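# Commentary on secondary and tertiary structure
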Amino acid sequence: MEKLKADLHMHTSYSDGVLSPSELVTKCHSRNLSVISITDHDSVEAFPEACEQASAFNMEVIPGVELSATTSEREYHILGYFIDCKNQRLLDYLTFFRLERLRRAERIVEKLNNLNIPLKFDAVLEKAKQGAIGRPHIAMALVDEEFISSYQEAFEKYIGNSCPAYEKKFVMSPEQTIQLIASAGGISVLAHPGRSTNSEMLKSIISAGIDGIEVIHPSHPPELTKNYQDIANQYFLISSGGSDYHGGKRNDDMSLGRFCIELTLVDAMKKRLFSHKTENKSQ
Ligand code: AMP
Ligand code: MN
Ligand code: MN
Ligand code: MN
């Protein structure tokens, strides 16, 4: 039998993923994953349903979230793991971030309309449903309404960073984001550094107190994976990884079950979490 693995990065329909939490858990089980974390953008709402479905398969679901943070020039994604999904401060922030996302999506649609693309905001809402609304929903609506022919084209022509219909999100600094995760009892991991950082920026995030790096990610070629593994070892950071699976139009089905980590790395995360908790008690 194939060895069981962990995937600590994936999305459901509570953000920009396509599957419901129970559909996603069932799919993960079929891909031989025994530990997963659902890391929706600005939402922990998938957690209860995911746990219920996972118990039928004897799988472990680590509570997770993907937050956005920024320095003056770059946006980073920071994953929070083992957070208390009932922490009121965290929940208040997540509600605020989702509201800001809604306002920003309205501004993007307004910009598209000014560019002579008469996309209706309702068509975007139809894609996002109850989830944290983001640019992927706008891209999907643009394709379905036949304003463009592919999901990628939306980012290349209109809504990608520095494209004409781009709008910034409300985001906190990496320090504030790491602190918010810590205050909800969690540990923080820098998501897909290959997409967002150069080595100087990575060092500044490490100085800001990040606990780990997402070493394994579909966007990392083998030499980059090795580079991040070396950095994690050098700075005594956790190495994490996952598929960043969203489903649907992204053609990322092959990633689920392929971009994953050994269960021993999950144990290392738990040890780090435990040492955080004992540190806090002794302060
Ligand atoms: P948002 O959080 O609304 O800014 O949307 C960010 C999400 O859009 C990312 O997590 C990616 O999934 C997707 N995305 C951002 N840039 C691109 C791009 N150039 N091509 C495809 N997807 C992208
Ligand atoms: Mn996403
Ligand atoms: Mn991300
Ligand atoms: Mn993600």
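In what follows, the accompanying structure is described. (Residues numbered from 1 in each chain as written. Chains lettered and ligands numbered in written order. Predicted model: local features only at pLDDT ≥ 70, side-chain atom pairs only at ≥ 80, totals over all residues. Heavy atoms only, no water.)

As a further point, take the coordination of the manganese ion (ligand 2). Each pair of donors in an ideal four-coordinate tetrahedral metal site encloses 109.5 degrees, whereas pairs in an ideal six-coordinate octahedral site enclose 90 or 180 degrees. Within the protein, the atoms that donate to the manganese ion (ligand 2) are Asp 16 (OD), Asp 16 (OD), His 41 (NE2) and His 246 (NE2), at distances of 2.1 to 2.7 Å. Mapped onto the sequence, the donors of the manganese ion (ligand 2) take the spacing D-x24-H-x204-H. Between the manganese ion (ligand 2) and the manganese ion (ligand 3) the interatomic distance comes to 5.6 Å. Highlighted residues: Asp 16 in the loop between strand S1 (5–7) and helix H1 (21–30) and His 246 in the loop between strand S7 (238–241) and helix H11 (263–282), separated in sequence by 230 residues. The residues Asp 16 and His 246 share a single accessibility class, namely buried. (Donors = N, O, S within 2.8 Å, 3.2 Å for Na, K, Ca; no water. Helix = DSSP H or I, 4+ residues; strand = E, 2+ residues; numbered from the N terminus. Buried < 20%, exposed > 50% of the residue type's maximum accessible area, 1.4 Å probe, protein only.)

Counted residue by residue, strand S4 (residues 75–81) has 6 buried out of 7 residues, so it is predominantly covered. Here strand S3 (residues 60–70) pairs with S4 via 7 bridges, running antiparallel. Following the sheet pairing, Val 65 is matched in S4 by Gly 80. In this structure, the hairpin formed by S3 and S4 is closed by a connection of 4 residues. Strand direction decides the pairing type here: S4 and strand S5 (residues 187–190), joined by 4 bridges, are antiparallel. For Gly 80, the partnering residue across the bridge sits in S5 and is Ser 188. (Pairing = 2+ DSSP bridges.)

Let us look at the coordination of the manganese ion (ligand 4). At 2.1 to 2.3 Å from the manganese ion (ligand 4) lie its protein donor atoms, namely His 9 (NE2), His 11 (NE2), Glu 66 (OE) and Asp 244 (OD). Each donor residue of the manganese ion (ligand 4) belongs to the same chain, and together they define the spacing H-x1-H-x54-E-x177-D. A separation of 4.3 Å is found between the manganese ion (ligand 4) and the manganese ion (ligand 2). One end of the pair, Glu 66, is in strand S3; the other, Asp 244, is in the loop between S7 and H11, with 178 residues separating them in the sequence. Here Glu 66 matches Asp 244 in class, with each residue buried.

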